[in-house]
Amino acid sequence: MTISDDTIKKAVQRYHREYDRYLKLAARVAEICRSEIVEGNAIRAQVTSRAKSPKSLEGKLRRFAATGKKSISDVDAVFDQIRDLAAVRVATYEQRHEDQVVQLVCKRFNDASGQRPIHERKDKNRDDPNNFYRASHVEAFLTTADGVGTYANVMDVPCEVQVCSMMAHVWNEIEHDLGYKPAAGVLSDQERNFLGMLGQSVRMGDGTISSLFAETERRQREQGGAFTDVYDFVARLRGWFPGVDFGRNAGALFEALQPIRLVSPDSIRRLLVLPEPLTDAGRAALDAFSRRLEDRGDSRFTLDPNSSDLLLVLLLPKIGRHLHAPTTDSPTDGVARVPWFAERYPEAPAPMNPLAQAGKT
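This is a predicted model, so every value here is computed, not measured.

K.L.:
Explain the pattern of salt bridges to me, please; I cannot follow it from the model alone.
P.N.:
Where side chains of opposite charge bring their charged atoms close, a pairing between them can arise. Within this structure, the stated rule accounts for 33 salt bridges. The residue aspartate 6 makes a salt bridge to lysine 10 at a minimum N-O spacing of 3.3 Å. With a gap of four residues between them, aspartate 6 and lysine 10 both fall in helix H1 (residues 5–38), about one helical turn apart. Overall, lysine 10 belongs to the partly exposed group, its relative accessible area being 45%. The salt bridge involving glutamate 139 is made with arginine 83; its shortest N-O contact spans 3.0 Å. On the criterion of sequence distance, the pair formed by glutamate 139 in strand S4 (residues 134–140) and arginine 83 in the loop between helix H3 (75–81) and strand S2 (86–92) is long-range, its members being 56 residues apart. For glutamate 139, a relative accessible area of 31% gives the class partly exposed.

Next comes the structure, spelled out in structure tokens:
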């Protein structure tokens with residue numbers, strides 16, 4: 001037998017005792033993905049988390065024992081080989097955001113050695129025209145900065161982060177429940193045909209959703225008044241910075257501008273005397289500020305020249321003193337980065353008051 005009944009029982013008993021750790025880790029990784037990666041970069045996505053239930057772990061181990069798929073010698077080996085006890089899923093509304101989310105996840109978390117993790121991309125349709133599984137998997141560990149207080153005891157525990165489009169998630173889940181864990185034997189030819197039809201519909205759905213949001217963004221660019229949300233903020237200001245992925249880092253900037261009444265394109269534009277497009281001016285300001293930060297040895301955050309940081313650095317001379325530090329004792333990086341830059345910006349002696357300049361919108 002590849003795994004003994006005694007090992008299964010002891011592993012499940014240990015997992016019952018440690019279950020809260022995995023719940024806590026999954027919830028923390030999900031919150032980072034939601035606030036810093038999804039909301040922080042104005043990406044439409046749903047973030048969910050779970051810790052595998054003890055019953056599910058037992059079922060998985062018993063399937064290994066029955067099929068001989070894995071050889072697991074003892075309880076420690078169970079926890080070394082089963083790497084998805086804590087898991088987070090990021091399901092993007094648009095397929096085009098999958099790779100961006102994966103890159104941000106790999107940048108934000110560590111691997112087991114404290115380095116940047118690598119990801120595994122699975123697109124089984126390339127080799128099997130009837131298999132439409134598509135997702136990226138990252139084995140993520142919290143960083144040293146994350147391991148404070150209650151999270152100190154999960155620093156050595158992996159969390160699997162799966163990234164796929166929402167439409168791909170539909171097919172992945174249905175196929176997994178029917179095919180990977182069949183309740184009543186092997187799938188029939190007709191069931192597989194229906195799965196293939198669903199897979200084709202899912203791929204068409206990805207394209208339809210992208211077209212839908214492209215049209216939504218076009219409509220938002222034409223409307224006036226205050227921004228309705230961060231997606232509206234990105235849609236209506238993106239044209240000021242051609243060739244720039246303006247959604248990157250836009251979430252924190254959008255939130256920082258709300259309390260000082262910079263809530264519409266007009267209110268922001270009054271503070272910028274430069275002609276459009278603003279890309280070159282923004283990059284020049286960003287390069288100069290980045291050099292100052294390097295000279296000072298400040299490296300917690302870095303400015304991204306392919307992001308809404310171009311708007312941030314153009315606004316900092318006017319609004320830097322009005323961007324307040326977070327009130328929470330341990331803010332996420334997404335919340336902290338804008339006031340962090342504001343505190344370090346070499347402002348003019350008498351910066352303009354954006355409250356008076358922007359006026360009412």
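After that view, the rundown keeps rolling.
K.L.:
Sorry if this is basic, but what is going on with the sheet that holds S4 here?
P.N.:
Pairing between the strands of a sheet is mediated by backbone hydrogen bonds and can be parallel or antiparallel. Pairing in this open sheet of five strands is mixed, and the strands run S1-S2-S5-S4-S3 from one edge to the other. Where the open sheet ends on each side, the last strands, each with one partner, are strand S1 (45–51) and strand S3 (119–123). Each strand axis lies, on average, 20° off the axis of its neighbour in the sheet, ignoring direction. Sheet analysis places S4 next to strand S5 (residues 159–165), joined by five bridges and oriented antiparallel. Considered in S5, the bridge of glutamate 139 is made with glutamate 160. Here helix H4 (residues 98–108) sits on the sheet in contact with S2, S3, S4 and S5, set at roughly 160° to S5.

K.L.:
Just to check I follow, could you spell out the nonpolar core for this structure?
P.N.:
Generally speaking, nonpolar side chains in soluble globular proteins are found buried as a group. If you look at the biggest cluster of nonpolar residues, it comprises 46 residues, and the most contacted ones within it are Val29, Cys33, Leu61, Val88, Val90, Phe109 and Val161. Looking at this core, the elements with two or more residues in it are H1, S1, helix H2 (54–67), H3, S2, H4, S4 and S5. A per-element tally of this core places H1 first, with 13 residues. When neighbours within four sequence positions are excluded, valine 88 is seen to be in contact with Ala26, Val29, Ala30, Cys33, Val47, Thr48, Ser49, Cys159, Glu160, Val161 and Gln162. One finds Leu293, Leu312, Val338 and Ala342 within the second-largest nonpolar core, a separate group that totals 42 residues.

K.L.:
What is the right way to look at the packing of H1 against H2 in this model?
P.N.:
The axes of two packed helices give the description: the angle between them and the distance between them. Taken N-terminus to C-terminus, the directions of H1 and H2 make an angle of 160°; their axes are 10 Å apart at the nearest point. Between H1 and H2, the angle is such that the two are roughly antiparallel. The two elements H1 and H2 cross, and the hand of that crossing is right-handed. Residues Asp5, Ile8, Lys9, Ala11, Val12, Tyr15, His16 and Tyr19 of H1 pack against Pro54, Leu57, Glu58, Leu61, Arg62 and Ala65 of H2. Among the residues making up the contact of H1 with H2, the classes are represented as nine nonpolar, one polar and four charged.

K.L.:
Just to check I follow, could you spell out the packing of H1 against H4 for this structure?
P.N.:
With their axes 11 Å apart at the nearest point, H1 and H4 run at an angle of 115° to one another. In terms of orientation, H1 and H4 fall into the roughly perpendicular class. Both H1 and H4 take part in a crossing whose hand is right-handed. From H1, Ile32, Cys33, Glu36 and Ile37 reach across to H4, where they touch Val101, Leu104, Val105 and Arg108. Counted by class, the contact of H1 with H4 contains six nonpolar, no polar and two charged residues.

K.L.:
What is the right way to look at the pairing of S5 in this model?
P.N.:
A regular strand places its side chains on the two faces of the sheet in alternate fashion. When you tally the buried positions in S5, you get six out of seven residues, the bulk of the element. Where S2 meets S5, six bridges bridge the pair, whose relative direction is parallel. What sits directly across from threonine 92, in S5, is serine 165.

K.L.:
Help me out: how do you make sense of a nonpolar patch on the surface in this one?
P.N.:
A cluster of nonpolar side chains, namely Val170, Ile174 and Leu178, defines an oily patch on the protein surface of about 210 Å² accessible area. Tracing the backbone through its elements, the reader meets valine 170 in helix H5 (residues 166–180). With a relative accessible area of 37%, valine 170 lands in the partly exposed category.

K.L.:
Can you walk me through the packing of aromatic side chains in this structure?
P.N.:
Where two aromatic rings form a pair, the distance of their centres and the angle of their planes describe that pair. Summed over all chains, the structure comprises 15 aromatic pairs. With 5.5 Å between their ring centres and 80° between their planes, tyrosine 15 and tyrosine 19 make a pair best called edge-to-face. One end of the pair, tyrosine 15, and the other, tyrosine 19, are both in helix H1, four residues apart, so they sit about a helical turn from each other. Assessed through its relative accessible area of 0%, tyrosine 15 is described here as buried. Tyrosine 19 sits in the partly exposed class, given a relative accessible area of 22%. Each member of the aromatic cluster is reached from another via a ring pair, and the members are Phe227, Phe233, Phe241, Phe246 and Phe254. The ring of phenylalanine 79 carries the charged tip of arginine 14 above its face, separated from the ring centre by 4.0 Å.

Reading the values: rules and limits
- Residue indices follow the written sequence of each chain, beginning from 1 at its first position.
- Residue-level local features of this predicted model are given only where pLDDT is at least 70; pairs of side-chain atoms are given and counted only at 80 or more, and the full residue set underlies all totals for whole chains, interfaces and linings.
- Only hydrogens and water are set aside when side-chain values are computed; all heavy atoms of the structure are taken into account.
- A pair is scored as a salt bridge if a Lys or Arg side-chain nitrogen falls within 4 Å of a carboxyl oxygen belonging to Asp or Glu.
- Under the DSSP-based scheme used, a helix requires at least four consecutive residues in state H or I and a strand at least two consecutive residues in state E, with every element numbered from the N terminus.
- Using a 1.4 Å probe on the protein chains alone, a residue whose accessible area is under 20% of its type maximum counts as buried, one over 50% counts as exposed, and one in between counts as partly exposed.
- DSSP calls a pair of strands paired once it identifies at least 2 bridges connecting them.
- An axis is simply a line fitted to the C-alpha atoms; with a helix, the fit covers only the stretch in contact. Between two such axes, the angle follows the N-to-C directions and lies from 0 to 180 degrees.
- We call two residues in contact whenever any of their non-hydrogen atoms come within 4.5 Å of each other.
- By convention a nonpolar core is built from buried Ala, Val, Leu, Ile, Met, Phe, Trp, Tyr and Cys residues, the set being connected through side-chain atoms within 4.5 Å.
- Note on terminology: angles under 35 degrees are roughly parallel, angles over 145 are roughly antiparallel, angles of 65 to 115 are roughly perpendicular, and the others are oblique.
- By the definition used in this description, the sense in which the near helix is turned from the far one sets the handedness, with an anticlockwise turn below a right angle giving left-handed and a clockwise turn giving right-handed.
- Nonpolar residues are Ala, Val, Leu, Ile, Met, Phe, Trp, Tyr, Cys and Pro. Charged residues are Asp, Glu, Lys and Arg, and all others, Gly as well, are polar.
- Two distance rules govern patches: like charges are joined within 9 Å, and nonpolar side chains (Val, Leu, Ile, Met, Phe, Trp, Tyr) within 5 Å, applied only to residues with over 30% relative accessible area and no salt bridge.
- For the accessible areas, the method is Shrake-Rupley and the probe is 1.4 Å, while residue cover comes only from the protein chains on display.
- Pairing of aromatic rings covers Phe, Tyr and the six-membered ring of Trp, with a centre-to-centre limit of 6.5 Å; geometry is then stacked below 30 degrees between planes, edge-to-face above 60, and tilted otherwise.
- Two conditions define a charge located above a ring, namely a distance within 6 Å from the ring centre to NZ of Lys or CZ of Arg, and an angle within 35 degrees of the ring normal.

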